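One letter stands for each residue in the lines below.
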Amino acid sequence: MRSVCAAAPQLAGVVPYDPKYLPVTAVLSANENPHDVDDEIRRDIMREVKRLPLNRYPDPLANDLRDMIAEANGLDRDQVLVGNGGDELLFNLALAWGGPGRTFLNLPPTFSVYDANARLTNTSVVDVPRRADFSIDEEAVLARVAEGGIDYLVVTSPNNPTGQLASETFILRLLDATDALVMVDEAYFEFSRQTMRPYLAQHKNLVILRTFSKAFSLAGARMGYILGDAEVVREFVKVRQPYSVDAVSQAVARVVYANRAKFERGILAVIEERARLIEGLKRIPGVKPFPSDANYVLFRVENAPVIWEALYERGVLVRDFSRAAHLENCLRVTVGASEENDAFLRALRDAVMGKCDLKVPST
Ligand SMILES: *Cc1c(COP(=O)(O)O)cnc(C)c1O
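Scoring rules and cut-offs
- Residues numbered from 1 in each chain as written.
- Predicted model: local features only at pLDDT ≥ 70, side-chain atom pairs only at ≥ 80, totals over all residues.
- Heavy atoms only, no water.
- 1 Å grid on protein atoms, 1.4 Å probe; cavity = no way out; pocket = protein on both sides within 12 Å on 5 of 7 lines; lining within 4 Å.
- Points joined across faces, edges and corners; volume = space filled by probe spheres on them.
- Helix = DSSP H or I, 4+ residues; strand = E, 2+ residues; numbered from the N terminus.
- Nonpolar A, V, L, I, M, F, W, Y, C, P; charged D, E, K, R; others polar.
- Domains from an automatic or database assignment.
- UniProt positions renumbered as here; feature names shortened; annotations may be inferred.
- Contact = heavy atoms within 4.5 Å.
- Buried area = accessible area lost by both parts, 1.4 Å probe.
- Salt bridge = Lys/Arg side-chain N within 4 Å of Asp/Glu carboxyl O.
- Polar contact = N/O pair within 3.5 Å; in protein donor to acceptor, adjacent residues only side chain to side chain.
- Axes fitted to C-alpha atoms, helices over the stretch in contact; angles between N-to-C directions.
- Parallel < 35°, antiparallel > 145°, perpendicular 65-115°, else oblique.
- Pairing = 2+ DSSP bridges.

**Student:** Which residues make up the layout of surface pockets, and what are the values?
**Tutor:** There is about 300 Å³ of room inside the second largest pocket. If you trace the second largest pocket, you find 15 residues lining it, with F189, E190, R210, F216 and R260 closest to the centre. Breaking the lining of the second largest pocket down by element, the ones donating at least two residues are helix 7 (189–192) and helix 10 (264–282). Taken together, the residues of the lining of the second largest pocket sort by class into seven nonpolar, two polar and six charged. Counting the residues that make up the lining of the second largest pocket, at least three belong to each of domain 1 (19–34 + 261–353) and domain 2 (37–259).

**Student:** For the UniProt feature "domain: Aminotransferase class I/classII large" (unreviewed entry) in the chain, give the residues involved together with the corresponding values.
**Tutor:** What UniProt calls "domain: Aminotransferase class I/classII large" (unreviewed entry) maps, in this numbering, to residues 28–348. For residues 28–348, helix accounts for 40% and strand for 15%, while the C-alpha atoms at its two ends are 13 Å apart.

**Student:** Residues and numbers for the domain arrangement of the chain, please.
**Tutor:** Segmentation of the chain into domains returns domain 1 (19–34 + 261–353) and domain 2 (37–259). Between domain 1 and domain 2, the C-alpha centre-to-centre distance is 25 Å. At the interface, 27 residues of domain 1 touch 27 residues of domain 2. Summed over both partners, the interface of domain 1 with domain 2 comes to about 2,300 Å²; 60% of that surface belongs to carbon and sulfur atoms. The largest contributions to the domain 1 side of the interface with domain 2 come from K262, F263 and D293, which together make up 29% of the buried area. Remark: the boundary between domain 1 and domain 2 carries two salt bridges. Two residues, R193 and E264, come together in a salt bridge whose shortest N-O distance is 2.7 Å. Run the count over domain 1 and domain 2 and you get 12 residue pairs in polar contact (both at pLDDT 80 or more).

**Student:** Please provide a residue-by-residue account of the packing of helix 10 against helix 12 (residues 338–352), values included.
**Tutor:** Closest axis-to-axis distance for the helix 10/helix 12 pair is 11 Å, and the angle between their directions is 10°. Here helix 10 is positioned roughly parallel relative to helix 12, judged by the angle of their axes. Residue-level contacts link E273, R276, L277, G280 and L281 of helix 10 to S338, N341, D342, F344, L345 and L348 of helix 12. In the contact of helix 10 with helix 12, the residues fall into five nonpolar, three polar and three charged.

**Student:** Could you give an account of the sheet that holds strand 12 (residues 319–320), with specific residues and numbers?
**Tutor:** Read across the open sheet, the four strands follow the order 9-10-13-12; overall the sheet is antiparallel. The outermost strands of the open sheet, each flanked by one partner alone, are strand 9 (288–289) and strand 12.

**Student:** Kindly report on empty space enclosed by the protein, identifying the contributing residues and their values.
**Tutor:** Tallied over the entire structure, the rule returns two cavities of 30 Å³ or more. Lining the largest cavity we find S157, L165, A166, E168, I171, V184, E186, Q194, T195 and M196. Across the lining of the largest cavity, the residue classes tally to five nonpolar, three polar and two charged. Surrounding the second largest cavity, L90, L93, Y114, N117, Y152 and V154 form its lining. Counting residues per element, the ones that place at least two in the lining of the second largest cavity are helix 3 (85–97), helix 4 (112–120) and strand 5 (152–156). Per-class residue counts for the lining of the second largest cavity are five nonpolar, one polar and no charged.

Written out as structure tokens, the structure reads:
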């Protein structure tokens, strides 16, 4: 058998993404909605899916869904584009605005996908790290873009995994200070209730990313979208895989989007549980939660990898960021259903108090 020549050089050292899903009772590691789509909406989904011609290619641009999203946001169809999850649109961003000889400005610690996509597309990465409290070093970012040579940046608001919103005033200053494309990643905007959408009309270099995966319980169906200037959207269309969003996902997303008001109660419940979770974390000695505008809470604790393991042994899966740059001893917990949050707080208290090897019956 012949051997095979090496893969592209930018893949050297890249570690494939692994969400580290493990069988547990409380999955609090991926910022998903704790509640699945309800039965009534599911029935409508099934009816729609039943009627689909599966032998035909889907509408590549999902225009029916695009129109629904455009109308809800006071935009035209050509200012909206859907993707196979927000992740595909982030990759398209790197393809369309990055590439050899081009530069991405990153604000770590933040969503690791941005840096990975830049590397895969041979885009140079300039880091302007956040401050110790994870706020954006605004003056440093403005100074760096003023130097020139930045082609695109992503401002994650609220930021994942740290949890806080970026300041609207800062984003507006940034949009005026550069002609780089500024993507504001609003994957969690339903929980923060703040959006840059009203500023789209005045800023051609602003593009907003949203997803159905978090507030709308559709992480399994893969659907995300961008809102932006029609000319910017057209560049994204050029690089996208024409059929990346399949007919079934389009149908599922249409029904969910039409029923989006029904998700409001669940979103409010998450916001309430978030406050309770932060209070609970503050009451555990040695645990420092960071403020959050999203559906997860980052916290710092001594010996985080050991604590992570102890939580896992008690059936609670959280996300370990302790080996990531700037996130020493940090774990991130997704706001789950209240029983899950209680189980997490109990397990964490036991782990921190050194009782993690006691076999306490779980409730
Ligand atoms: C979850 C997430 C996304 C998009 O997720 P998809 O499931 O691919 O839609 C984008 N940005 C951030 C910061 C996220 O946390």
